[in-house]
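# Per-entry structural report
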Amino acid sequence: MIKQKSCYAVITGKPNVGKSTLLNSIFKRKIAITSYKPHTTRNRIKAIYNADNLSILFMDTPGYHVSRTKLDMFLNSEIKSSYKIADCALLLIDASRPIDDEDKKIIEILQSYDILNVILVITKIDLIDENRIANVKRDIGALIPYKDVVAITCKKETPDLTPLIKTIEKYARDGALTQEENLENDDFIICELVREQIILNTKQEIPYACAVVVEHKEYDKVKNMFTINANIVVDKESQISIILGKNGQMIKKIGTRARMEMLKIFNCHINLKLFVKLEKDWRDNELFLKQIKFH
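Worth saying up front: this structure is predicted, and the values here are computed from it rather than measured.

Here is what the cut-offs are and how they apply
- Residues numbered from 1 in each chain as written.
- Predicted model: local features only at pLDDT ≥ 70, side-chain atom pairs only at ≥ 80, totals over all residues.
- Heavy atoms only, no water.
- Pairing = 2+ DSSP bridges.
- Helix = DSSP H or I, 4+ residues; strand = E, 2+ residues; numbered from the N terminus.
- Axes fitted to C-alpha atoms, helices over the stretch in contact; angles between N-to-C directions.
- Contact = heavy atoms within 4.5 Å.
- Nonpolar A, V, L, I, M, F, W, Y, C, P; charged D, E, K, R; others polar.
- pLDDT = per-residue confidence, 0-100.
- Salt bridge = Lys/Arg side-chain N within 4 Å of Asp/Glu carboxyl O.
- Buried < 20%, exposed > 50% of the residue type's maximum accessible area, 1.4 Å probe, protein only.

## Some words on the sheet that holds strand S8 (residues 211–220)
The strand order S8-S9-S10 describes an open sheet built from 3 strands, whose pairing is mixed. The sheet terminates laterally at S8 and strand S10 (269–278), the two strands that pair on one side only. Ignoring strand direction, the axes of neighbouring strands in this sheet form an average angle of 15°. The strands touched by helix H7 (residues 237–244) within the sheet are strand S9 (225–234) and S10, with S10 carrying the most contacts at an inclination of about 155°.

See below:
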């Protein structure tokens with residue numbers, strides 16, 4: 001009988017380094033929203049990869065934030081709590097950008113939790129040459145003693161991530177995963193897909209001032225229809241008109257595009273209704289943050 005093996009692998013790195021893109025590429029579908037704007041990921045996103053006798057629980061952490069609000073403090077705690085259970089850590093470094101203080105802060109956190117099995121994952125190698133890869137290995141090696149190096153690009157439609165999976169497997173333990181969780185719940189997916197369209201279609205501070213909360217959802221088996229009512233929560237009155245747009249065009253655009261993404265995930269018709277709600281200074285309202293689970 002073939003023994004079952006399992007591994008907890010945390011994906012970490014500074015904002016916009018490609019963590020969510022990597023996770024989506026591994027699973028060949030949308031697990032985490034992506035954007036060119038930093039601080040896109042807000043929650044610790046977890047997903048299980050199964051192959052033969054191996055199960056890997058991937059944890060995609062938010063990029064490290066300078067703590068200005070209670071929301072920032074939560075985001076940073078998500079990183080640290082992931083490290084506590086990790087068998088290995090994937091340290092993503094964007095080879096097309098200089099190593100900076102944000103990279104070093106992530107490395108300091110890794111070192112503070114005594115993560116022994118660090119896999120250096122050099123991303124965006126399609127943008128650089130071999131000399132740059134060698135320099136990244138040397139510079140990161142001077143900061144932390146990593147065990148392995150994998151260089152990747154997720155630009156291809158179907159990138160070959162087999163070398164990365166094989167590397168992670170080296171740190172797997174005997175036995176199945178002990179956490180049998182429902183890792184992707186409907187509310188989380190809905191909120192993330194709406195928030196993705198807010199990020200892509202609004203500017204400046206608006207994406208970071210918004211939260212999405214599912215108020216009601218109902219599935220009609222006869223019509224094969226999933227009806228969803230969700231609030232886009234803002235923290236200033238002036239933001240309401242921006243989210244709504246002229247004659248309601250912006251919220252309609254956000255809703256239409258989010259619905260198109262939901263159709264790719266839920267095997268049914270989608271009736272999505274979006275509303276705007278004012279909750280002043282919600283990012284510093286601890287009670288509200290707990291209620292919405294930081295989506």
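## Quick look at the packing of H7 against helix H8 (residues 249–263)
Interhelical geometry of H7 versus H8 gives an angle of 65° and a closest axis separation of 4 Å. Contacts from Ile242, Ile243 and Leu244 of H7 reach H8 at Gln249, Met250 and Ile251. Classifying every residue of the contact of H7 with H8 gives 5 nonpolar, 1 polar and no charged.

## Let's talk about the confidence of the model for the chain
For the chain, mean pLDDT is 81; residues scoring 70 or higher make up 79% of the total. The least confident element of the chain, judged by mean pLDDT, is helix H2 (residues 70–85) at 61; the most confident is S10 at 95. Here residues 32–44 scores under 50 on pLDDT; set against residues more than four positions off or in separate chains, the count is 69 contacts. Counted against residues more than four places away or in other chains, residues 179–184, with its pLDDT under 50, gives 13 contacts.

## Some remarks on the pattern of salt bridges
Overall, the coordinates contain 9 salt bridges when judged by the stated rule. Residue aspartate 103 is joined to lysine 14 by a salt bridge in which the shortest nitrogen-to-oxygen separation is 3.1 Å. Within this pair, whereas aspartate 103 is found in helix H3 (residues 101–112), its partner lysine 14 is found in the loop between strand S1 (5–12) and helix H1 (19–27), the two being separated by 89 residues in sequence. Two residues, arginine 195 and glutamate 192, come together in a salt bridge whose shortest N-O distance is 3.0 Å. Note that arginine 195 and glutamate 192 are positioned in helix H6 (residues 186–201) at a spacing of 3 residues, about one turn of the helix. With respect to class, arginine 195 is no different from glutamate 192; both count as buried. Several salt bridges share partner residues, and in doing so they unite Lys14, Asp100 and Asp103 into one network.

## Overview of the pairing of strand S3 (residues 54–60)
Buried residues dominate S3, accounting for 7 of its 7 residues. Here S3 shows no split at all, with Leu54, Ile56, Phe58 and Asp60 on one side and Ser55, Leu57 and Met59 on the other all buried. When S1 meets S3, the two strands line up parallel, connected through 7 bridges. Across the sheet, the residue bridging to serine 6 is serine 55, located in S3.

## Let's talk about unusual backbone geometry
Unusually for a residue other than glycine, lysine 124 sits at a positive phi of about 60°. For lysine 124, a relative accessible area of 27% corresponds to the partly exposed category. Even without being a glycine, asparagine 224 presents a positive backbone phi close to 55°.

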